[in-house]
Amino acid sequence: MTADLRIRLTPRADRDAVTGVRDDGVVLVRVSAPPVEGRANEALCRVLAERLGVPPSRVAVVRGHGAREKVVRVEGLDEAEARARLDAAAR
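Moving on to the nonpolar core. Counting 25 residues, the largest nonpolar core has Val29, Leu48 and Val74 as the members making the most contacts within it. Within the residue set of this core, elements represented by two or more residues are strand E1 (2-10), strand E3 (27-30), helix H1 (39-52), strand E4 (59-63), strand E5 (69-75) and helix H2 (79-89). For this core, the element with the highest residue contribution is H1, accounting for eight residues. Sequence-distant contacts of valine 29, defined by excluding residues within four places in its chain, comprise Ile7, Arg8, Leu9, Thr10, Ala17, Val18, Thr19, Leu44, Val47 and Leu48.

On to the sheet that holds E1. Strand order in the open sheet formed by five strands is E2-E3-E1-E5-E4, with mixed pairing between adjacent strands. One side of each edge strand has no neighbouring strand; the edge strands of this open sheet are strand E2 (17-21) and E4. For this sheet the average axis-to-axis angle between neighbouring strands, irrespective of direction, equals 40°. Against the sheet, H2 touches E1, E2 and E3, its axis set at about 35° to E1.

With that settled, the discussion passes to the pattern of salt bridges. Taken as a whole and judged by the stated rule, the model has eight salt bridges. Arginine 22 is the partner of aspartate 24 in a salt bridge, and the nearest nitrogen-oxygen pair spans 3.1 Å. Residue glutamate 81 is joined to arginine 85 by a salt bridge in which the shortest nitrogen-to-oxygen separation is 2.7 Å. Taken together, the residues glutamate 81 and arginine 85, both in helix H2 and four residues apart, mark about one turn of the helix.

Sheet topology places E1 next to E5; seven bridges connect them, and they run antiparallel. When the bridges of E5 are listed, arginine 6 appears paired with valine 71. Of the pairings in the sheet, the one linking E4 to E5 comprises four bridges and is antiparallel in character. Residue valine 59 lies in a different strand from E5, and its bridge partner there is valine 74. Following E4, the chain reverses through five residues before pairing antiparallel with E5; glycine 64 in that reversal takes a positive phi of roughly 90°.

Cut-off values and rules
- Starting afresh in each chain, residues are numbered from 1 along the sequence in its written order.
- The model is predicted, so local features are restricted to residues of pLDDT at least 70 and side-chain atom pairs to those at 80 or more, both for listing and for counting; the totals for chains, interfaces and linings are taken over all residues.
- Derived side-chain values reflect all non-hydrogen atoms in the structure, with water molecules and hydrogen atoms excluded from consideration.
- Joining through side-chain atoms within 4.5 Å is the link that ties buried Ala, Val, Leu, Ile, Met, Phe, Trp, Tyr and Cys residues into a set, and such a set is a nonpolar core.
- Each residue's exposure class comes from its accessible area (1.4 Å probe, protein chains only) as a fraction of the maximum for that residue type: buried when under 20%, exposed when over 50%, partly exposed otherwise.
- We count a stretch as a helix when DSSP gives it H or I for four or more residues in a row; a strand needs E for two or more, and each element gets its number in order from the N terminus.
- Residue contacts are counted whenever heavy atoms from the two residues lie within 4.5 Å of one another.
- DSSP bridges decide pairing: two strands pair if at least two such bridges lie between them.
- Fitted lines through C-alpha atoms give the axes, limited to the stretch in contact for helices. The angle between two N-to-C directions lies from 0 to 180 degrees.
- For this analysis, a salt bridge means a side-chain nitrogen from Lys or Arg found within 4 Å of a carboxyl oxygen belonging to Asp or Glu.

Listed below in structure tokens is the structure:
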């Protein structure tokens with residue numbers, strides 16, 4: 001069971017947070033880490049793992065490593081469950 005989530009990442013934010021879901025299904029995430037040497041991607045994976053209740057090793061960026069728009073794969077959850085958990089975390 002895996003979920004591929006489209007993410008819009010904002011690095012160098014004041015705090016780490018899942019801030020919402022756009023109408024097109026893209027999840028909005030802010031991290032305080034800078035986009036240098038993969039630190040923002042690592043922070044993104046940690047934030048998503050925490051909000052989704054899965055180990056960080058089960059969350060990985062699979063597309064868009066150097067872009068703000070990314071695809072993140074979450075193992076152990078289906079897409080509907082992942083979206084429900086992120087929607088609850090954004091409130």
